[in-house]
Structure formats: C-alpha cells, structure tokens
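Below are the chains, spelled out letter by letter.
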Amino acid sequence: MLAELSIKNFAIIESLSLSFEKGLTVLTGETGAGKSIIIDAIHLLVGGRGSAEFVRHGTDRAEIEGLFLIEKSHPCFEKAESLGIEVEDEMIVLRRSITASGKSICRINGKLVTLAILREVGGTLVDIHGQHEHQDLMNGDRHLTLLDQYGGSTIEKALGLYGSLYDEYISLKKQMEKLTENEQQRAHRLDLIQFQLNEIKTAELVPKEDENLFEEKIKISNYEKIYSSLRDAYYALHGEQRGLDLVSVAMNNTGEIADLEDDYKEISETVSNCFYQLEDVSYSIRQQLDALEFDPNRLDIIEARLNEINHLKRKYGQSVEEILEYADAIEEEIDTIQNRDTHISKIEKQLEAVMSKLFKEAKNVSHIRQKLAEELTEKIHNELQALYMAKTVFKIQFAKRGEEAPVSEKDVKFTKSGIDHVEFYISTNPGEPLKPLSKVASGGELSRIMLALKSIFSHHQGVTSIIFDEVDTGVSGRVAQAIGEKIYQISTGSQVFCISHLPQVAAMADTHLFIAKKSVNDRTQTSVTPLSSNEKIIEIGRMIAGVEVTDLTKEHAKELLELAHQLKK
C-alpha cells in the first residue's frame, strides 16, 4: 500500500504531506480544487509523462516522494532484484523531481534510475484508472490485450512459445525479402561487398596487429630513453663496488652470525633473498640491453601500416577483430547472393517448417483465449448484474486475421500477438442485436463495464494501490449506490483511492479526504483535510444538495452513512 506521499511545488500545491491507510480512501471537493492534481502527482511518481508545466510558478523544481509497504511475495521484489535495487524491511521509496527546464530525476530507494525503470517498478505498485480508460474500452484493438491481461500466467507460457517462433518467422521472412529484392539492387550490393572484401583481404590483417604495432611504435619512439635507463640501472647493480657488491658484503656479514640467534638468521635470509633477486634482475636488464635494436626506417613502416589499418577501421569496424568479423559476414553474404536459388530453396523449407509450428502454437493460444473468454464473459455478466445491468448481454467475439476459416498456416496473417482479432460486443436492451461496444455503450454504461472489468482484474494484477479518477461519471441513483459498493469490494483486496462527485461513493469511504484551494499571499494553494464523522455528514450533504446544506440534507447524508456501515458489515 501507499503509506506516505510528499508533494512540493507541484502545480498549485506548495507543500503537502499525506499519510494513507488500507481500504477505500475517497477524495472529494469542489471542481478545480486540486483532486486530480494529487492523482497526477502519483501518476508521475510511478513513471508517468512529466513536463515543466507541472513545476509551480516561481520555483526551481517539483518534488514527489512516496513510501510503499509491500509483502515479500509482491512482484515488485522480483522486479527490483532484477534491476539491482535493494529492498529492505518490505518498504520501497520512489522519488521524482522535475526541474523548471523539464528534466526528470528519478530514484528508487535512493538509487538513481532511468524513467523507464521507474515506470517498470511503479507499474507493479499502482494501477490508475481514469476517464481515459473508457477510450481503451472504445478501442477494439485493445480488447485482445485486456483478455490476455485477464489470462495472466494461464496464457503467458503459450504466448512465450508462440513469440519465440514468431521472432524466428520474421527473421526468415526478412532473409527471403532480401534474397528476392530487385535484381539491380542485388547486383549493386554484390559489387560493393566484393570490393570491400577484396580491400580487407589485400590488407592481410592479423588479430591484435594494431595493438602490437602501437606498442612497438612507443618503444622505438622512446629508444634513447629506454636504452640509457636500462644501461644506468645495470651499471648501478653490476660491477666493481656497485650495488650488488655491497649487498654481497652485507649478505656475507649477516651470514656469519646467522647461527647465533633466530632474529639474525631471519635477517640473513632476507638479505640473501634480496641479493639473488637483484642478481636475477641485473641479468634480465642485460638481456633487454642486448636485445635492443634501433632501426629508424622501422618507425616509418609502422606509421604507414597503422594509417592503413585506421583507414579500414573508419570504414569497417572499431578494431582489427571487428574488421575481420565484418569480412566474414560479407563473404557469407556474397556466397548467399551468388548461390541465391539454393539459399531461397533452403529458406523456403525453413519458413514452411516454422510456419507449421507457428500455426500450431497460434491455434493453442487461440484455444486458451476461447476458454478464457468464456470464463471472463460469465464473470462480467455476474458483475454487471450487481451494477444494475442484468439484462445486458456481453460477448467476446473472435475472428482470425486472414481467411474466414483458416485451415493451414498459409491462410492466416501472423502478428506478434497471434492470429486472433478480439472485440467486445454488447446488447444493453433485450431484443437488440449484439453490436461492438464502441458503438452502443453510453458513458454510464462504459463506467460500469470498466468497473466490472477492474473488479475482476484486480485479483490478477497484484498491484498494491488502485486509483479511480471520476470513473463514476454519467451515473446516479441506485446505479451510483451499486458503483460505490463495487468500489468498496475492490478495496477489501487492494488499497483504493477514488475521486468522486457521488455521495453514494463517498459514504462507502474508510477514509474521507476533503480537497480545497485557498489564496495565501496572493497565491493559490491546495489543502487536504481528513474528515471526522460530523464533517463527513456535512460534506456528503453538500454533495447531495449543492451549496446550501439543510437539516434535511444532513439527515439524508446520515442515512447514506448508516446504510454504508451496514453494507460493510
């Protein structure tokens, strides 16, 4: 659940700190008081799109921070672990700042993350449903996604198998398109890559050659310095009255007393080891001196070779290894073009085999979806009955992408999501034919259908908090009461926030927050006040009657609250 929320310099909010409880929290207030601004802040906190317009005028940045309490079984744990984010004490803190220039800074448990990562983690914590969700219901292309979302793990494995084959299918299709492209383009391509391959092979590159040449260049360029340093080091160690002679004297002297005491023996051994190590080093220096050669022409040869390699790097890769890999790739491509018919035949066979497997997996996905659709349809009917749409007929219609009744893989159009086209159909009045949801449903009906879906989906998603932003638009009376009860039922399994103008919904609240705006020093500010029992009566009375709250209105508000209390029991 979202336990704490802090908002600073966000729109008309100067500074706001809120604590939340489990259950249903309803936010009410006059239009324009800032109810949706609080939801906007939460939306940004979990990765929503932000802009400089959200920053309060006259300030440098807007800051939003939220503390979420989660259980160890929550999917957020696995998501955070995969992203390298530590989660301790079953708490996760999201923080987002938006500067006046529009730049976003995101943190999760103090760690800087990208907006994409914040959105990934936030998506497991909060599910926001506003009036725009009705647009998803009106869009038939989204219905398949909603069905798969309901299916969850039931269809996930089947879609995974299908997706792997689909990627292979697309790869083979691209290879086939490349082989069957325009003859003139293919001839031009062949000329180009043959020239490139010849240029690379003529250079006779050797792996690591550029690195080795560069090291040799450094060595030749510093020949005098290397030679004089090694020579002086050698003479300092070796020769009459040189370093090794003096260490030898020290070794002999300490050796004479080594048997007298353990400490002397240790000193003697240390000096002896140093002598032999220095002697070995002096031999190594001598060998390096003997091996040193200076060829002024060699430097010119190296420079010319490095220039040749760098020229190839600019065209074919960042290193000799990448150039050679590119050469192998175009050599294979040349073989493919020159033996085009053979390769086309080979890919056709591969494509035919993959399409056969893909069609089999697609039918399996479709079969699972059919079962899920039946299950979902029954549940939606049950939910709609509780929302006073008992006579409504809801159906999920299936069509295959491609031929009307596909019998083989050649009759269908494969897409990333399968071969199914799914659309929700509805008849809200007895005797009326089923029609696409987008063409027959009113605003109030859409609100109820969306709430029915959310009531079902909330058990499958695992999010900690669900937000309803004025989803009760276009309803009143007993329907409003049913919507209030349905939202409360959802809140028994997840923390729910709801912005509402309906007194029936407000009466069901476990926590009622009143949002208001006021003017302080000629600046508008938003305030949030938790309402007491008496204050709830007055606010619900205002929602019933409007501006003037009479004693009769208060009585109606009390009745609503008492009815809500009984229903909760």
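Reference entry: report on the structure contained in this document. (Residues numbered from 1 in each chain as written. Predicted model: local features only at pLDDT ≥ 70, side-chain atom pairs only at ≥ 80, totals over all residues. Heavy atoms only, no water.)

## Concerning the overall build of the protein chain
Assigned secondary structure in the protein chain consists of 20 helices and 15 strands. The principal-axis extents of the C-alpha atoms in the protein chain amount to approximately 120 × 75 × 55 Å. Counting all 569 residues of the protein chain, 42% fall into the buried class. Look at the contacts in the protein chain between residues 6 or more apart in sequence, and 71% of them connect residues 24 or more apart. (Helix = DSSP H or I, 4+ residues; strand = E, 2+ residues; numbered from the N terminus. Buried < 20%, exposed > 50% of the residue type's maximum accessible area, 1.4 Å probe, protein only. Contact = heavy atoms within 4.5 Å.)

## A short note on the side chain of Arg 542
By the secondary structure assignment, Arg 542 is in helix H19 (residues 533-545). Apart from the residues lying within four places of it in its own chain, the contact partners of Arg 542 are Gly 29, Glu 30, Phe 514 and Val 549.

## A short note on unusual backbone geometry
The residue Glu 90 is not glycine, and still its phi comes out positive at about 55 degrees. Here Glu 90 falls in the partly exposed class, since its relative accessible area comes to 32%. Even without being glycine, Lys 208 reaches a positive phi, approximately 65 degrees.

## Regarding the nonpolar core
Taken as a class, soluble globular proteins show a tendency for nonpolar side chains to be buried jointly. With 72 residues, the main nonpolar core has Leu 376, Phe 414 and Ile 487 as its most contacted residues. The leading source of residues in this core is helix H14 (residues 340-386), at 15 residues. Residues in contact with Leu 376, not counting those within four places in the same chain, are Leu 147, Tyr 150, Ile 396, Leu 453, Ile 456 and Phe 457. (Core = buried A, V, L, I, M, F, W, Y, C linked by side-chain atoms within 4.5 Å.)

## Overview of the pattern of salt bridges
Summed over all chains, the structure comprises 23 salt bridges. With its nearest N and O atoms 3.0 Å apart, the salt bridge here joins Arg 305 to Glu 308. With Arg 305 and Glu 308 both in helix H12 (residues 296-316) and three residues apart, this pair spans about one turn of that helix. By relative accessible area, Arg 305 is classed as buried at 16%. Owing to a relative accessible area of 35%, Glu 308 belongs among the partly exposed residues under this scheme. Members of the salt-bridge network, linked through shared partners, are Glu 30, Glu 539 and Arg 542. (Salt bridge = Lys/Arg side-chain N within 4 Å of Asp/Glu carboxyl O.)

## Side note on the environment of Thr 114
Inspection of the secondary structure puts Thr 114 in the loop between strand E7 (111-113) and helix H3 (115-122). A C-alpha to C-alpha distance of 8.9 Å links Thr 114 and Ser 104, two positions ten residues apart in sequence.

## Some words on the pairing of strand E4 (residues 61-69)
Residue alternation in E4 divides its side chains into a buried set, Ala 62, Ile 64, Gly 66 and Phe 68, and an unburied set, Arg 61, Glu 63, Glu 65, Leu 67 and Leu 69. Examined bridge by bridge, strand E1 (residues 2-10) and E4 share six bridges and lie antiparallel to one another. Across the sheet, the residue bridging to Lys 8 is Glu 63, located in E4. (Pairing = 2+ DSSP bridges.)

## Thoughts on helix H11 (residues 262-291)
The terminal C-alpha atoms of H11 lie 44 Å apart, and with 30 residues this matches the ideal 44 Å at 1.5 Å per residue to within 8%. Within H11, the full set of buried residues consists of Ser 268, Val 271, Ser 272, Phe 275, Ser 282, Ile 285 and Leu 289. For H11, the elements touching its buried residues are helix H9 (223-237) and helix H10 (243-256). (Expected span 1.5 Å × (residues − 1).)

## A short note on the sheet that holds E4
Read across the sheet, six strands follow the order E2-E1-E4-E5-E6-E7 without closing on themselves; strand pairing throughout is antiparallel. Because the sheet does not close on itself, it has two edges, and the strands there are strand E2 (13-19) and E7. Adjacent strand axes in the sheet meet at a mean angle of 15 degrees, parallel and antiparallel pairs treated alike. (Axes fitted to C-alpha atoms, helices over the stretch in contact; angles between N-to-C directions.)

## Description of a nonpolar patch on the surface
The grouping of Ile 257, Leu 260, Tyr 264 and Ile 267 at the surface amounts to a nonpolar patch, some 380 Å² of accessible area in total. Turning to its location among the elements, Leu 260 is positioned in the loop between H10 and H11. (Patch = residues over 30% accessible without salt bridge, like charges linked within 9 Å, V, L, I, M, F, W, Y side chains within 5 Å. Areas by Shrake-Rupley, 256 points an atom, 1.4 Å probe, with all protein chains shown as cover.)

## Re the sheet that holds strand E11 (residues 435-436)
A sheet is described by the order of its strands in space; here three strands give the open sequence E9-E10-E11, paired in antiparallel fashion. Pairing within the sheet leaves two strands with one partner each, and these edge strands are strand E9 (393-400) and E11. Pairing analysis gives eight bridges linking E9 to strand E10 (residues 420-427), with the strands arranged antiparallel. Residue Val 393 lies in a different strand from E10, and its bridge partner there is Ser 427. Contacts from helix H5 (residues 143-151) reach E9 and E10, with the element oriented near 95 degrees to E10.

## Some words on helix H6 (residues 153-179)
The end-to-end C-alpha distance of H6, which contains 27 residues, comes to 39 Å, matching closely the 39 Å that a straight helix rising 1.5 Å per residue would cover. Inspection of H6 places Ile 155, Ala 158, Tyr 162, Gly 163, Leu 165, Tyr 166, Tyr 169, Leu 172, Met 176 and Leu 179 among the buried residues, and these make up the whole buried set.

## A look at the packing of aromatic side chains
Per the counting criterion, the structure on display carries nine aromatic pairs. Centre to centre, the rings of Tyr 162 and Tyr 166 are 6.0 Å apart; their planes meet at 20 degrees, and the pair counts as stacked. Taken as a pair, Tyr 162 and Tyr 166 lie in helix H6 at a separation of four residues, close to a single helical turn. Ring centres of Tyr 234 and Tyr 235 lie 5.8 Å apart, and the angle between their planes is 70 degrees; on these two criteria the pair is classed as edge-to-face. What makes Tyr 235 partly exposed here is its relative accessible area of 43%. Grouped by ring-pair contacts, the aromatic residues Tyr 162, Tyr 166, Tyr 169 and Phe 414 constitute a single cluster. Note that Arg 286 overlies the ring of Tyr 234, its terminal NZ or CZ placed 5.1 Å from the centroid. (Phe/Tyr/Trp six-rings, centres within 6.5 Å; stacked < 30°, edge-to-face > 60°. Lys NZ or Arg CZ within 6 Å of the ring centre and 35° of its normal.)

## What about the environment of Asn 310?
You can see Asn 310 is positioned in helix H12. Of the residues examined, Asn 310 reaches a relative accessible area of 31% and is grouped as partly exposed.

## Quick look at the side chain of Asp 210
Locating Asp 210 in the fold gives a position in helix H8 (residues 209-221). Only 2.9 Å separates the side chain of Asp 210 from the side chain of Lys 313, close enough to count as a polar contact. With sequence-adjacent residues up to four places away left out, Asp 210 is seen in contact with Leu 306, Ile 309, Lys 313 and Val 320. (Polar contact = N/O pair within 3.5 Å; in protein donor to acceptor, adjacent residues only side chain to side chain.)

## Remarks on a negative patch on the surface
On the surface, a cluster of negative charge is made up of Glu 71, Glu 86, Glu 88, Asp 89 and Glu 90. Examined against the element boundaries, Asp 89 turns out to sit in the loop between helix H2 (75-82) and strand E5 (91-99). Given the relative accessible area of 64%, Asp 89 is considered exposed. (Lys, Arg positive; Asp, Glu negative; His and termini not counted. Charge placed at Lys NZ, Arg CZ, Asp CG, Glu CD.)

## What about the environment of Lys 554?
Note on placement: Lys 554 falls in helix H20 (residues 551-568). Given a relative accessible area of 31%, Lys 554 falls into the partly exposed group. Among all residues touching Lys 554, those that are not within four sequence positions of it are Ile 537, Ile 538 and Val 549.

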